[in-house]
Amino acid sequence: MKNESRRKWTPERTTLLDGLLDDGWTHKMIAGHPSIESTPAAVALFISRRQKPRESRSAFMPAGVLNLLRPAAKARSMTRVEVATSILRVLGADPSLLDNVLDDGVTT
């Protein structure tokens, strides 16, 4: 029998669920993810019964931009959203790196 903590929709599992949904995963794919370990029906039921709406994003990226990150995400076993978030964290923490990447002559 599964560990009781694995059966609960913890904040970590819910965040992962949101990322997988953002990446276009089906309920069946999500259910098979090792950190979810559920059934497609249970995933669908959880999504339909959520009390609060999904956490809003502070930035939106076109799907085409996220699709550029697919190879990097696959190589790292991450979602495209997780890769984009990681990139933005690194760039945001180092203004000179951000200036070099943008290469527009502006200094932060």
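Everything below is about the structure shown above.
## Considerations on the packing of aromatic side chains
How two aromatic rings sit relative to each other is set out by the distance from centre to centre and by the angle between their planes. According to the stated counting rule, one finds one aromatic pair in the structure shown. Arginine 13 extends its terminal NZ or CZ atom over the ring of tryptophan 9, reaching a point 4.3 Å from the ring centre.

## Here's the deal with a nonpolar patch on the surface
A surface patch of nonpolar side chains, about 250 Å² in accessible area, is lined by Met61, Val65 and Leu88. On the accessibility criterion, valine 65 (37% relative accessible area) is partly exposed.

## Re unusual backbone geometry
Phi at glutamate 37 is positive, roughly 45 degrees, even though this residue is not glycine. Looking at the element boundaries, glutamate 37 is found in the loop between helix H3 (27-32) and helix H4 (40-49). Here the phi dihedral of serine 77 falls at roughly 55 degrees; this positive angle occurs in a residue that is not glycine. Mapped onto the elements of the fold, serine 77 is located in the loop between helix H6 (70-76) and helix H7 (80-93).

## With respect to the side chain of threonine 79
Within the secondary structure layout, threonine 79 lies in the loop between H6 and H7. The exposure class of threonine 79 is buried, given its relative accessible area of 5%. Beyond its immediate chain neighbours, meaning those up to four positions away, threonine 79 contacts Gly19, Leu20, Asp23 and Ala73.

The rules behind each value
Residues numbered from 1 in each chain as written. Predicted model: local features only at pLDDT ≥ 70, side-chain atom pairs only at ≥ 80, totals over all residues. Heavy atoms only, no water. Phe/Tyr/Trp six-rings, centres within 6.5 Å; stacked < 30°, edge-to-face > 60°. Lys NZ or Arg CZ within 6 Å of the ring centre and 35° of its normal. Patch = residues over 30% accessible without salt bridge, like charges linked within 9 Å, V, L, I, M, F, W, Y side chains within 5 Å. Areas by Shrake-Rupley, 256 points an atom, 1.4 Å probe, with all protein chains shown as cover. Salt bridge = Lys/Arg side-chain N within 4 Å of Asp/Glu carboxyl O. Buried < 20%, exposed > 50% of the residue type's maximum accessible area, 1.4 Å probe, protein only. Helix = DSSP H or I, 4+ residues; strand = E, 2+ residues; numbered from the N terminus. Contact = heavy atoms within 4.5 Å.

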